[in-house]
Amino acid sequence: MDQVVMQKPHEMLAETLSAEMAAVNTLIQTRMASKHAPRIPEVTAHLVNAGGKRLRPMLTLAAAKLCGYQGEDDVKLAATVEFIHTATLLHDDVVDESGQRRGRPTANLLWDNKSSVLVGDYLFSRSFQLMVETGSLRVLDILANASATIAEGEVLQMTAASDLNTDESIYLQVVRGKTAALFSAATQVGGVIANADEAQVQALWDYGDALGIAFQIADDLLDYQGDAKTTGKNVGDDFRERKLTLPVIKAVAQASDDERAFWTRTIEKGRQEDGDLEHAMALMAKYQTLEATRADAMAWAAKAKAALDALPDAPIRTMLNDLTDYVVSRLA
C-alpha cells in the first residue's frame, strides 16, 4: 500500500495561496532588480531563492483573505514583509559572523560584509516604496514601526546576549523585537488593507505576536534538543556563541554560586573548555529548564489560537490554527 504523505500546515497554506504567492514572487523578482548595481540582485537572489518557507508574506495574504479582501495591495504588502525579513537576515549574518543559512553559505561569506549591509539597506528602501504604493498611511505606520522595533530588538540582543543579568522579561523584549514584530505587523496589515473592524485587526496582531514568540522560543529550545538535519544547526550552537536564550536564563536564575561561576566563565567571559556543553546540559536537566521552556512555547501557542476566535470561521482560519500547532509540534 502506498504511504500517504500528510501536508504540513504551511504547505497547505502555500497551496491555498499559490496564485497570490506566485504574484508575490514575481513582484519580488521585479523589485530586487537594479539597473546600475548588478550585485544587488545577485546577493538578494542568493537568499530569496534559498528555499525559505515564505511564512511571513503568507501570513499577510492569509489575514487579508480571511477578512474578505479582494484587491491587489495584499501582494504588495506580502512582498514588503519578505523584503524587510530578507534585509534583516542579511544584516544579522554580518552581526553574527554567520557562515551558513538555510544550508547554504551566507551572502557575507560569498561576497563580503559591505555588500550584505548595503544590499540589506537597499531592500529596506524597496520595502518602503512598496508600502507607500498602497496609499494607506496606517499600513505605512505599522510597517515603519515594525522595522524600527526589529532594529531595536537586535541592538538589545547584542547588549544582553552574554549578560547574566538578562532575565525573562528582557528576553521577551528581544524576541518581540527581532521575531514577533514582523509576524504581528504581517498579520495586522492584512486586516487593515481589508478594512476589517478594529476587533479583528487587534486579533490579527495578537495572533501574529503570540505566534512569533512561540516560534522563537521553539527555535531556541531546539538548539539544545533538536536534530541538526532538521534544524540546520548543531546542538549547542547558541551555547558556543554565548547566547543567553530562555533555557539558560531559567538555569541561571536558579543557579548556586558555583553554578553561576560556571555560567559567568562560559557565557559572560567566553572561556569555554571541553565538556562545558555537557555540563550546561546537565544543569538545564537539573532545573528542568528545557521542559519549562517548552511549556512557555505551548502557552504562547495557546494565546495565538485563542486570538483566532475573534476572526471569521473559514478554512484559512483552520490553517492558521494548525500552523500554530505545527510551530510547537517540533518540540514533541
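Look up: the structure comes first, before these words.
This one's a predicted model, so the numbers in the text were calculated from it and none came from an experiment. (Residues numbered from 1 in each chain as written. Predicted model: local features only at pLDDT ≥ 70, side-chain atom pairs only at ≥ 80, totals over all residues. Heavy atoms only, no water.)

Focus on the side chain of Gln-216
Logical step 1: Note on placement: Gln-216 falls in helix H10 (residues 198-225).
Logical step 2: A polar atom in the side chain of Gln-216 sits 2.7 Å from the side chain of Thr-179.
Logical step 3: Other than its neighbours up to four places away in sequence, Gln-216 contacts Tyr-171, Val-175, Lys-178 and Thr-179. (Helix = DSSP H or I, 4+ residues; strand = E, 2+ residues; numbered from the N terminus. Polar contact = N/O pair within 3.5 Å; in protein donor to acceptor, adjacent residues only side chain to side chain. Contact = heavy atoms within 4.5 Å.)

Remarks on the nonpolar core
Logical step 1: Leu-13, Leu-143, Tyr-207, Trp-263 and Leu-320 are the most contacted members of the largest nonpolar core, which totals 98 residues.
Logical step 2: The element that contributes the greatest number of residues to this core is H10, accounting for 14 residues. (Core = buried A, V, L, I, M, F, W, Y, C linked by side-chain atoms within 4.5 Å. Buried < 20%, exposed > 50% of the residue type's maximum accessible area, 1.4 Å probe, protein only.)

Some points on a nonpolar patch on the surface
Logical step 1: A contiguous nonpolar patch, built from Val-95, Val-155 and Met-158 and spanning about 300 Å² of accessible area, is present on the exposed surface.
Logical step 2: Mapped onto the secondary structure, Val-95 falls in helix H5 (residues 73-95). (Patch = residues over 30% accessible without salt bridge, like charges linked within 9 Å, V, L, I, M, F, W, Y side chains within 5 Å. Areas by Shrake-Rupley, 256 points an atom, 1.4 Å probe, with all protein chains shown as cover. Salt bridge = Lys/Arg side-chain N within 4 Å of Asp/Glu carboxyl O.)

Some points on the environment of Ala-196
Logical step 1: With respect to the element layout, Ala-196 can be found in the loop between helix H9 (168-193) and H10.
Logical step 2: Its relative accessible area of 14% is what places Ala-196 among the buried residues.
Logical step 3: Separated by 130 residues in the primary sequence, Ala-196 and Leu-66 place their C-alpha atoms 9.6 Å from one another.
Logical step 4: The contacts of Ala-196, once residues within four sequence positions are left out, are Cys-67, Gly-191 and Val-201.

Some details on the packing of aromatic side chains
Logical step 1: In the structure shown here, the tally under the stated rule is four aromatic pairs.
Logical step 2: Consider the rings of Phe-262 and Trp-263, whose centres lie 5.2 Å apart with planes at 65°: the pair is edge-to-face. The same class applies to Phe-262 as to Trp-263, namely buried.
Logical step 3: Joined through ring pairs, the aromatic side chains of Phe-239, Phe-262 and Trp-263 make up one cluster.
Logical step 4: Seen from the ring of Phe-215, Arg-56 lies directly overhead, with NZ or CZ sitting 5.9 Å from the centre.
Logical step 5: The ring of Trp-300 carries the charged tip of Lys-303 above its face, separated from the ring centre by 4.0 Å. (Phe/Tyr/Trp six-rings, centres within 6.5 Å; stacked < 30°, edge-to-face > 60°. Lys NZ or Arg CZ within 6 Å of the ring centre and 35° of its normal.)

A closer look at the pattern of salt bridges
Logical step 1: What the rule picks out here adds up to 15 salt bridges.
Logical step 2: In this structure, Glu-82 engages Arg-54 in a salt bridge whose closest nitrogen and oxygen atoms are separated by 3.3 Å. One end of the pair, Glu-82, is in helix H5; the other, Arg-54, is in the loop between helix H3 (39-48) and helix H4 (55-66), and 28 residues separate them in sequence. Across the pair, exposure class does not vary: Glu-82 and Arg-54 are buried alike.
Logical step 3: The partner of Arg-317 in a salt bridge is Asp-313, with the nearest N and O atoms 3.9 Å apart.
Logical step 4: Within this structure, Arg-31, Lys-76 and Glu-133 form a network of salt bridges that share partners.

Looking at helix H17 (residues 315-329)
Logical step 1: An ideal rise of 1.5 Å per residue puts 21 Å on 15 residues; H17 measures up with 21 Å between its terminal C-alpha atoms.
Logical step 2: Ile-316, Arg-317, Met-319, Leu-320, Leu-323, Thr-324, Val-327 and Val-328 are the residues of H17 that are buried.
Logical step 3: The inward-facing, buried residues of H17 abut helix H1 (9-16), H4, H10 and helix H16 (289-307). (Expected span 1.5 Å × (residues − 1).)

Observations regarding the packing of H1 against H17
Logical step 1: Contact geometry for H1 and H17: axes closest at 8 Å, N-to-C directions at 150°. In this view, H1 runs roughly antiparallel relative to H17, as classed from their interaxial angle. Every pair of crossing elements has a handedness; the one defined by H1 and H17 is left-handed. Across the interface between the two elements, Pro-9, His-10, Met-12, Leu-13 and Thr-16 from H1 touch Ile-316, Met-319, Leu-320, Asp-322, Leu-323 and Tyr-326 from H17. (Axes fitted to C-alpha atoms, helices over the stretch in contact; angles between N-to-C directions. Parallel < 35°, antiparallel > 145°, perpendicular 65-115°, else oblique. Left-handed = near helix turned anticlockwise from the far one by under 90°.)

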